[in-house]
Amino acid sequence: MTGSAAGPPGAGGRIRRLARYEARWLVSLVCWVARRRIGVAAGERALAYAAGQAAMVYGLAFVCLVETVGVGVLLADRPVAHGVMLALDVYTVLMVLGFQAAAVTRPHVLGADTLLLRDGARTALRIPLSAIASVRHELRFTQDDSAQETVAMAVGGQTSVTVELAEPVVAVRLLGRREAVRTVRFHADDARGVVAAVRAATAEPPAVRQG
């Protein structure tokens with residue numbers, strides 16, 4: 001998939017995209033409980049990336065639960081306010097857990113012809129293997145990366161795999177902004193294993209196998 005950059009859609013389009021994003025993480029929660037992965041076909045290889053954020057997400061969920069209990073005690077004699085805050089707090093906890101569920105159930109996927117990279121329920125980027133020029137293991141923090149024509153799918157503010165493309169692909173952001181990219185950085189739990197698998201799938205010549 002190639003093309004040029006374009007601005008985001010109008011307000012209506014952005015609202016629809018946010019609604020679809022919310023639906024995706026809600027579906028991810030159900031699939032997480034059912035121990036099912038989304039979008040991984042038979043014969044394809046799932047490349048996990050959720051472990052790096054698990055401790056942070058579970059810690060945040062615990063804090064939200066403690067807050068829910070505390071607010072419930074403070075508003076015990078105000079049933080209307082208590083009901084409203086309880087609903088908001090439960091939604092917040094579900095949203096936090098949905099963030100992790102989306103990362104677990106929507107891994108990166110290495111197929112026969114494409115490398116599908118996903119950022120939980122937010123965005124997905126499908127790269128034809130024929131467009132990959134090189135791939136390497138490289139630890140980078142996103143705040144240090146401001147390169148043009150680059151997209152980063154970080155976990156904990158860090159990426160561990162860098163893919164250089166022979167031709168640009170179009171990345172679509174959460175709110176619909178489209179941009180052509182030539183470098184893609186993403187995180188994987190087993191970064192070196194992912195690099196080896198992608199190199200094998202693309203049959204890269206030894207000269208570009210670095211990292």
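Because the structure is predicted, anything quoted here is derived from the model rather than measured.

Concerning the overall build of the protein chain
When helices and strands are tallied, the protein chain shows four helices and eight strands. Ordered by position from N to C terminus, the α and β elements of the protein chain give α-β-α-α-β-β-β-β-β-β-β-α. Taking all 211 residues of the protein chain together, the buried fraction comes to 41%. Taking the contacts inside the protein chain whose residues are at least 6 apart along the sequence as the reference set, 67% of them involve residues at least 24 apart. For the protein chain, the computed accessible surface area is about 11200 Å², with 60% contributed by carbon and sulfur atoms. Charge separation in the protein chain, taken as the distance between the mean sites of 24 positive and 17 negative side-chain charges, equals 5 Å.

Some points on the pattern of salt bridges
The full count for this structure, using the stated rule, is seven salt bridges. Notably, a salt bridge pairs D119 with R122, separated by 2.4 Å at the nearest N-O pair. Measuring nitrogen to oxygen at the nearest pair gives 3.9 Å for the salt bridge that ties R182 to E149. Linking R182 in strand β8 (residues 178-186) with E149 in the loop between β5 (132-141) and β6 (150-153), this pair joins segments that are 33 residues apart in sequence. Classification of R182 as partly exposed rests on a relative accessible area of 35%. Taken together, the shared-partner salt bridges in this structure form one network comprising R136, E138, R140, E164 and R185.

Let's talk about a nonpolar patch on the surface
There is a patch of nonpolar side chains on the surface, built from L60, F62, V63 and V66 and spanning about 400 Å² of accessible area. Judged by relative accessible area, which is 44%, L60 ranks as partly exposed.

Section: unusual backbone geometry
Phi at R35 takes a positive value of approximately 60 degrees, unusual for a residue other than glycine. Position of R35 relative to the elements: it lies in the loop between α1 (11-33) and β1 (45-47). Residue R35 is classed as exposed on the basis of its relative accessible area of 79%.

Brief notes about helix α3 (residues 79-105)
End to end, α3 covers 37 Å across 27 residues, agreeing with the expected 39 Å (1.5 Å per residue, within 8%). Of all the positions in α3, only D89, V93, V96, G98, Q100, A101, A102, A103 and T105 are classed as buried. Each element contacted by the buried residues of α3 is listed here: α1, α2 (51-74) and β3 (114-119).

Considering α2
Across its 24 residues, α2 extends 36 Å between first and last C-alpha, which sits within 8% of the 34 Å expected from 1.5 Å per residue. The complete set of buried residues in α2 reads Q53, A54, V57, A61, C64, T68, V71 and G72. Tucked inside the fold, the buried residues of α2 contact α3.

Looking at the sheet that holds β8
Taken in spatial order, the four strands make up an open sheet running β5-β7-β8-β6, and their pairing is mixed. Two strands in the sheet have a free side with no partner beyond their single neighbour: β5 and β6. On average, adjacent strands in this sheet sit at an angle of 40 degrees to one another, irrespective of strand direction. Across eight bridges, strand β7 (residues 158-172) lies against β8 in antiparallel orientation. Looking at β8, one finds that A171 is bridged to E179.

Scoring rules and cut-offs
- Residues numbered from 1 in each chain as written.
- Predicted model: local features only at pLDDT ≥ 70, side-chain atom pairs only at ≥ 80, totals over all residues.
- Heavy atoms only, no water.
- Helix = DSSP H or I, 4+ residues; strand = E, 2+ residues; numbered from the N terminus.
- Buried < 20%, exposed > 50% of the residue type's maximum accessible area, 1.4 Å probe, protein only.
- Contact = heavy atoms within 4.5 Å.
- Areas by Shrake-Rupley, 256 points an atom, 1.4 Å probe, with all protein chains shown as cover.
- Lys, Arg positive; Asp, Glu negative; His and termini not counted.
- Charge placed at Lys NZ, Arg CZ, Asp CG, Glu CD.
- Salt bridge = Lys/Arg side-chain N within 4 Å of Asp/Glu carboxyl O.
- Patch = residues over 30% accessible without salt bridge, like charges linked within 9 Å, V, L, I, M, F, W, Y side chains within 5 Å.
- Expected span 1.5 Å × (residues − 1).
- Pairing = 2+ DSSP bridges.
- Axes fitted to C-alpha atoms, helices over the stretch in contact; angles between N-to-C directions.

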